[in-house]
Amino acid sequence: MSTSPAVTQTPLTELSAWKALTSHHEKIHTRHLRELFAEDPSRGTRLKAEAEGIYLDYSKHRITDETIKLLLQLAEESGLKERIEAMFRGDKINITEKRAVLHVALRAPKGEKIVVDGQDVVPEVHAVLDHMSAFSERIRSGEWKGHTGKRIKNVVNIGIGGSDLGPVMAYEALKHYSQRDMTFRFVSNVDGTDFAEATIDLDAEETLFIISSKTFTTLETMTNAHTAREWALKKLGDDKAIAKHFVAVSTNAEEVTKFGIDTANMFGFWDWVGGRYSMDSAIGLSTMLAVGPENFRKLLAGFHAMDEHFRSTPFAQNLPVLMGLLSIWYNDFFDAQTVAVLPYDQYLKRFPAYLQQLTMESNGKHVTLSGEHVKYETGPIFWGEPGTNGQHSFYQLIHQGTKLIPCDFIGFAKTLNPLGNHHDLLMANVFAQTEALAFGKTAEEVKAEGTPDWLVPHRVFEGNRPSNTLLLEELTPESLGKLVALYEHSVFTQGAIWQIDSFDQWGVELGKVLAKRIIGELEGPKPTDKHDSSTNTLITHYKKQRG
């Protein structure tokens, strides 16, 4: 089986489309959106795309028709189509770990066939889903009882990285659909405060812990898991109780058994599922417990719908491809360092944090697939907060600061909580902010309002700040799946064009290795001299203050 079609590609900066984009940028980078809209008043009706219930307005970008033409040419010359097909057919495109990249298989319907190493993985995926569904129904209905016969009312997910960020985001996003007589908490930080606060008001007799660790050896997760075990046993008193209050999302049956968890309550997944792409695998068990199997399957259907759109739609109308190409345009040609993601829905308050791992762990790479150091910028920094909160904190910098920050605005036509005119006011802010960012306010306009001359410069808005606007009808499990998959495939598009491996994460390894070495030095009585003078001194100072 092939490894990566991109390994033998012509270097990115030598592609004719890249060179053409470089020249094109020189010609148009100073042009203002006011000018572009004046020349083409119908621009807002043309530069848009719509698919699977998501409407993308990309007219407020510093682009012309020629820009889009050249970006699409870049996608073609980069072999993006071949790279997409390689992922969907199960090629081992994660070349440094020699793994397939098949999060798309997690949401493939029964009957589809996706083969990895000669084996169709779709039946395995559905076997795990059925296992999760049966377990979830037992917990949600009250059929499953804790060790003392009480019903489970509290669920605590213990994981880190993709085993936490996805489940937390999904729970918050779909809270409207959750079973409200149950409490859900999430513990990820090895800081003991995280566990202490998550369990401070819970009764061990009514609490179920989900330990999410593929290897069941992850330092932070297993430290918290053993703390949870001690916490539960302090109340329950019997080691046999663990089997009624702990389940595992893991593939290490030996360690799971050793912990005291019944392997009948172990939910597996596969090495072709990356952590940051795993929220629709067994890692989503807490999500299914919260919203129920039916809604979880609607979430998967949303993912799958966007997968099919990405795979089959021509690039000129392909939402993830367009978003990925526009991100490259600003990252590589305008030197924009960040992207602000601004969901105008309080349920999506954890969505920017989720995207941080998805985007920055995927594309925070400095070498190409062939091992060469890149000669261009890769992954931008993702950040954001829900609107309208952000408007009263960091929007000042976006509007009048010196940094160019492309923005993604996400809004919904219908609210899940209709209260007076709240939603119209919320959405009015979406449209107002994108208009203000694009067109700004000139000195002449400020003067015409009667502003004193000395104050005019302070009230000028330069505008020409680019943005996407994503509009959906309503936040549902299905639309959430589509939205997450949209960003997954946008990230894929960028990584494919940058010729990097978006599916490994060696950058997290070094610090973990050093931390394991240092923990012994912190617990030992002797001073250390095994590091640089700064680290040695910090360790000594910490031990002295700790006592």
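No experiment lies behind these values; they were computed from the predicted model shown. (Residues numbered from 1 in each chain as written. Predicted model: local features only at pLDDT ≥ 70, side-chain atom pairs only at ≥ 80, totals over all residues. Heavy atoms only, no water.)

## Examining the overall build of the protein chain
Next up, step 1: Per the secondary structure count, the protein chain includes 22 helices and 13 strands.
Next up, step 2: For the protein chain, the C-alpha radius of gyration of 25 Å lies close to 24 Å, the compact-globule estimate for 547 residues.
Next up, step 3: With the C-alpha coordinates of the protein chain rotated into their principal frame, the extents come out at 75 × 60 × 60 Å.
Next up, step 4: Classification of the 547 residues of the protein chain by burial places 55% in the buried group.
Next up, step 5: Taking as baseline every contact in the protein chain between residues at least 6 positions apart, the subset at least 24 positions apart corresponds to 75%.
Next up, step 6: Split by element, the accessible area of the protein chain, about 23,700 Å² in all, is 52% carbon and sulfur.
Next up, step 7: In the protein chain, 58 positive and 71 negative side-chain charges are present, and the distance between their average locations comes to 3 Å. (Helix = DSSP H or I, 4+ residues; strand = E, 2+ residues; numbered from the N terminus. Rg over C-alpha atoms; globule rule 2.2 N^0.38 Å. Buried < 20%, exposed > 50% of the residue type's maximum accessible area, 1.4 Å probe, protein only. Contact = heavy atoms within 4.5 Å. Areas by Shrake-Rupley, 256 points an atom, 1.4 Å probe, with all protein chains shown as cover. Lys, Arg positive; Asp, Glu negative; His and termini not counted. Charge placed at Lys NZ, Arg CZ, Asp CG, Glu CD.)

## What to know about the sheet that holds strand β5 (residues 154-158)
Next up, step 1: On the basis of which strands lie adjacent, the open sheet formed by five strands has the order β6-β5-β7-β8-β9 and parallel pairing. Every other strand in the sheet has two partners, leaving β6 (183-187) and β9 (266-267) as the edge strands with one partner each.
Next up, step 2: Inspection of the sheet shows strand β7 (residues 207-212) paired to strand β8 (residues 246-249) by four bridges, in the parallel sense. Paired with I211 across the bridge in β8 is A248.
Next up, step 3: In this fold helix α7 (residues 162-173) packs onto β5, β6 and β7, with an angle of close to 150° to the strand it touches most, β6.
Next up, step 4: Contacting β5, β6, β7 and β8, helix α9 (residues 219-236) crosses the sheet at an angle of about 160° to β7. (Pairing = 2+ DSSP bridges. Axes fitted to C-alpha atoms, helices over the stretch in contact; angles between N-to-C directions.)

## Some words on the UniProt feature "active site" (unreviewed entry) in the protein chain
Next up, step 1: The sites that UniProt annotates as "active site" (unreviewed entry) are E361, H392 and K512. An extended arrangement is adopted by the annotated residues: their sequence extent is 152 residues, and the largest C-alpha distance between any two is 37.4 Å.
Next up, step 2: Turning to its location among the elements, E361 is positioned in helix α15 (residues 351-363).
Next up, step 3: Note on E361: relative accessible area 21%, which makes it partly exposed.
Next up, step 4: What E361 contacts, discounting residues up to four positions off in sequence, is R276, Q356, D504, Q505 and V508.
Next up, step 5: A distance of 2.9 Å separates polar atoms of two side chains, one belonging to E361 and the other to R276.
Next up, step 6: We classify H392 as exposed; its relative accessible area is 73%. (UniProt positions renumbered as here; feature names shortened; annotations may be inferred. Polar contact = N/O pair within 3.5 Å; in protein donor to acceptor, adjacent residues only side chain to side chain.)

## Focus: the pairing of β8
Next up, step 1: By the alternation rule, side chains of β8 split into F246 and A248 and V247 and V249, which are all buried.
Next up, step 2: The handedness of the β8 to β9 crossover, carried by helix α11 (residues 253-259), is right-handed. (Right-handed = clockwise from strand over helix to strand, strands pointing away.)

## Some details on the packing of aromatic side chains
Next up, step 1: On inspection of all chains with the given rule, the structure shows 25 aromatic pairs.
Next up, step 2: Relative to F186, the ring of Y171 lies with its centre 5.7 Å away and its plane at 45°, an arrangement referred to as tilted. Here the residue Y171 occupies a position in helix α7, and F186 occupies one in strand β6, the gap between them amounting to 15 residues.
Next up, step 3: Among the residues examined, Y171 registers a relative accessible area of 9% and is labelled buried.
Next up, step 4: Ring geometry for F351 against Y487: centres 5.6 Å apart, planes inclined by 75°, an arrangement best described as edge-to-face. Highlighted residues: F351 in helix α15 and Y487 in helix α20 (residues 477-498), separated in sequence by 136 residues. Y487 matches F351 in its accessibility class, with the two residues each being buried.
Next up, step 5: Grouped by ring-pair contacts, the aromatic residues W18, W329, Y330, F333, F334 and Y376 constitute a single cluster. (Phe/Tyr/Trp six-rings, centres within 6.5 Å; stacked < 30°, edge-to-face > 60°.)

## Here's the deal with the side chain of H25
Next up, step 1: In this structure, H25 sits in helix α1 (residues 16-28).
Next up, step 2: Excluding residues within four positions of it along the chain, H25 makes contact with W329, F333 and F334.

## Quick word on unusual backbone geometry
Next up, step 1: Each neighbour pair has its own omega, and for G387 with T388 the value is 10°, a cis peptide bond.
Next up, step 2: Among the secondary structure elements, T388 is positioned in the loop between β11 (381-383) and α16 (395-400).
Next up, step 3: Phi is positive for D117, close to 50°, though the residue is something other than glycine.
Next up, step 4: Mapped onto the elements, D117 comes out in the loop between β3 (115-116) and β4 (119-120).
Next up, step 5: Classification of D117 as exposed rests on a relative accessible area of 56%.
Next up, step 6: At F216, a position not held by glycine, the phi torsion is positive, near 60°.
Next up, step 7: Mapping F216 onto the fold places it in the loop between β7 and α9.

## Considerations on the domain arrangement of the protein chain
Next up, step 1: We note that the domain assignment places domain 1 (12-61 + 330-475), domain 2 (103-296) and domain 3 (509-546) within the protein chain.
Next up, step 2: Look at where the C-alpha atoms of domain 1 and domain 2 centre, and you get two points 36 Å apart.
Next up, step 3: At the junction of the two partners, domain 1 supplies 15 residues and domain 2 supplies 15 residues.
Next up, step 4: Summing the contributions of domain 1 and of domain 2, the shared interface buries around 1,400 Å²; its carbon and sulfur component is 59%.
Next up, step 5: Taken as a group, Y347, Y354 and Q357 account for 42% of the area that domain 1 buries against domain 2, more than any other trio of residues on that side.
Next up, step 6: Between R276 and E361 there is a salt bridge, with the nearest N and O atoms lying 2.9 Å from each other.
Next up, step 7: Where domain 1 touches domain 2, the interface holds seven residue pairs in polar contact (both at pLDDT 80 or more).
Next up, step 8: Its residues assigned to classes, the side of domain 1 that touches domain 2 comprises eight nonpolar, three polar and four charged. (Domains from an automatic or database assignment. Buried area = accessible area lost by both parts, 1.4 Å probe. Salt bridge = Lys/Arg side-chain N within 4 Å of Asp/Glu carboxyl O. Nonpolar A, V, L, I, M, F, W, Y, C, P; charged D, E, K, R; others polar.)

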